[in-house]
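So you can see what is in the structure, the chains are spelled out below.
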Amino acid sequence: MELIIAANWKMHKTVAETGDFCRFIRQSETLFTGVEVLICPPFTALATASAALKGSSIKLGAQNMHWERQGAFTGEIAAPMLLALGVEYVIIGHSERRHLMGEDDNQIRQKVKTALESGLKPILCVGETEKEREQGLTEAVIEKQLAGALEGLESGKISDLIVAYEPVWAIGTGKAASTADAESAAASICRYFLSNFGEKKVVGLRIQYGGSVKADNIGPYMVLPSVQGALVGGASLEANTFSALIQAARKAVIS
Ligand code: PEP
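Along each chain, the written sequence defines residue order, and numbers are assigned to residues from 1. With pLDDT at 70 or above as the cut-off, local features in this predicted model cover only qualifying residues; side-chain atom pairs require 80 or more to be listed or tallied, and sums for whole chains, interfaces and linings still use all residues. With hydrogens and water stripped out, all remaining heavy atoms of the structure feed into the side-chain values.

J.: Mind showing me how you'd approach the nonpolar core here?
T.: When a protein is soluble and globular, its nonpolar side chains tend to lie buried together. If you look at the biggest cluster of nonpolar residues, it comprises 69 residues, and the most contacted ones within it are Leu146, Leu150, Phe193 and Phe242. Helix and strand assignments come from DSSP, with helices taken as H or I runs of at least 4 residues and strands as E runs of at least 2, each series counted from the N terminus. The element that contributes the greatest number of residues to this core is helix H8 (residues 179-197), accounting for eight residues. Only heavy atoms enter the contact rule, under which two residues are in contact if any of them lie within 4.5 Å. Apart from residues lying up to four places away in sequence, Leu150 is in contact with Val112, Leu124, Leu161, Tyr192, Phe193 and Phe197. Take the buried Ala, Val, Leu, Ile, Met, Phe, Trp, Tyr and Cys residues and link them wherever side-chain atoms come within 4.5 Å; each set so joined is a nonpolar core. In this scheme, a residue with accessible area under 20% of its type's maximum is buried, one over 50% is exposed, and one in between is partly exposed, where area comes from a 1.4 Å probe on protein chains only.

Right, dumping it as structure tokens:
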């Protein structure tokens, strides 16, 4: 399965900075062959990124969306608005939204459902806090988050879904999970899909690792049996750093 590497810019970059980044990164796209690359800028920069990436293989993602298609939801963004800008992916349930914005499993489930029904590919984020990890609850937390987000979903839709395993304690801390811990968590995600939807390979599910990934540590994650990509925050903000990271991931899988 092709690796998928996504840049989550969070609340960074103006329109001008986004245009500069996209024009720069697309110059290196021939070095990304075999890796699906996508950029998730803030909503305000999606149109600029879409125009600057036109004709390139680099894809566009959003960082969030509302589950309704339109309505009285001040400050929210709906799936049709994203699709109209050429957005293909949408991050759902990022830990910053769960923990800082109070997003719950019920909201996340509705977002995943609407995204899939609308033709957007959700990147569903799951992962435990440091305290949950210390209590040995990693697998139980992941399973609860998956069940909460996917209950009632038909297995036919799963091939459009990406799951990002992002331990909360590893995000933006410089303290990446060990490859053994990442594989163990990703394998538990595979087992969940196997028992609820059928064989992971058959349904086409891809699992990303996210949490303090950089060019110099990404390689070993990309060759784990249960991992097929990365969700990248801090190391995706500079075009040359992000380009080096993608090339390092590619090198790891082809060598
Ligand atoms: C993220 O926010 O999804 C993330 C993985 O951030 P970082 O790479 O900075 O840890």
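So that's the structure; there's more coming.
J.: Mind showing me how you'd approach the site of the ligand here?
T.: Only heavy atoms are used to decide nearness, and a residue is near a molecule or strand if one of them lies within 4 Å of it. Contacts to the ligand come from 14 residues, most closely from Lys10, Glu166, Gly172, Ser212 and Gly233. What qualifies as a polar contact is a pair of N or O atoms within 3.5 Å, subject to a donor-acceptor requirement within protein and to the restriction that residues adjacent in sequence count only when both atoms come from side chains. Measuring from an oxygen atom of the ligand, one finds a side-chain N or O atom of His94 at 2.9 Å. At 2.8 Å from an oxygen atom of the ligand is found a main-chain nitrogen or oxygen belonging to Gly234. Tallied by class, residues from the shell around the ligand come to four nonpolar, eight polar and two charged. For this classification, Asp, Glu, Lys and Arg are treated as charged, while Ala, Val, Leu, Ile, Met, Phe, Trp, Tyr, Cys and Pro are nonpolar and the rest, including Gly, are polar.

J.: Would you mind going over empty space enclosed by the protein with me for this structure?
T.: One water molecule sets the probe size; rolling that probe over the atoms shows where empty space is left. Buriedness of a pocket was judged along seven lines, with at least five required to meet protein on both sides within 12 Å; pockets are open sets of points on a 1 Å grid over the protein atoms alone, cavities are sets where a 1.4 Å probe fits but cannot get out, and lining residues have an atom within 4 Å of a point. Grid points are joined across faces, edges and corners, and a volume is the space filled by probe spheres set on the points. Considering all chains together, one arrives at two cavities of 30 Å³ or more under this definition. Approximately 40 Å³ is the volume found for the largest cavity. For the lining of the largest cavity, the elements supplying multiple residues, two or more each, are helix H5 (105-118) and helix H7 (138-150). In terms of residues, the lining of the largest cavity owes the most to one element, H5, which gives three residues.

J.: What am I meant to see in the state of the cysteines here?
T.: Any cysteine sulfur atom paired with another within 2.5 Å is treated as part of a disulfide. Evaluation of the coordinates by the stated rule reveals zero disulfides. Unpaired in terms of disulfides, Cys22 finds its nearest cysteine sulfur in Cys40, a separation of 11 Å. A disulfide-free cysteine, Cys190 has its sulfur positioned 16 Å from the sulfur of Cys125, the nearest such atom.

J.: Would you mind showing me how to read the layout of surface pockets here?
T.: Here the largest pocket defines a volume of roughly 520 Å³. Around the largest pocket sit 21 residues that line it, and Lys10, Met11, Gln63, Asn64 and Arg97 are the ones nearest its centre. Here the element with the most residues in the lining of the largest pocket is helix H4 (residues 95-100); it accounts for three residues. Grouping the amino acids of the lining of the largest pocket by side-chain chemistry returns nine nonpolar, eight polar and four charged.

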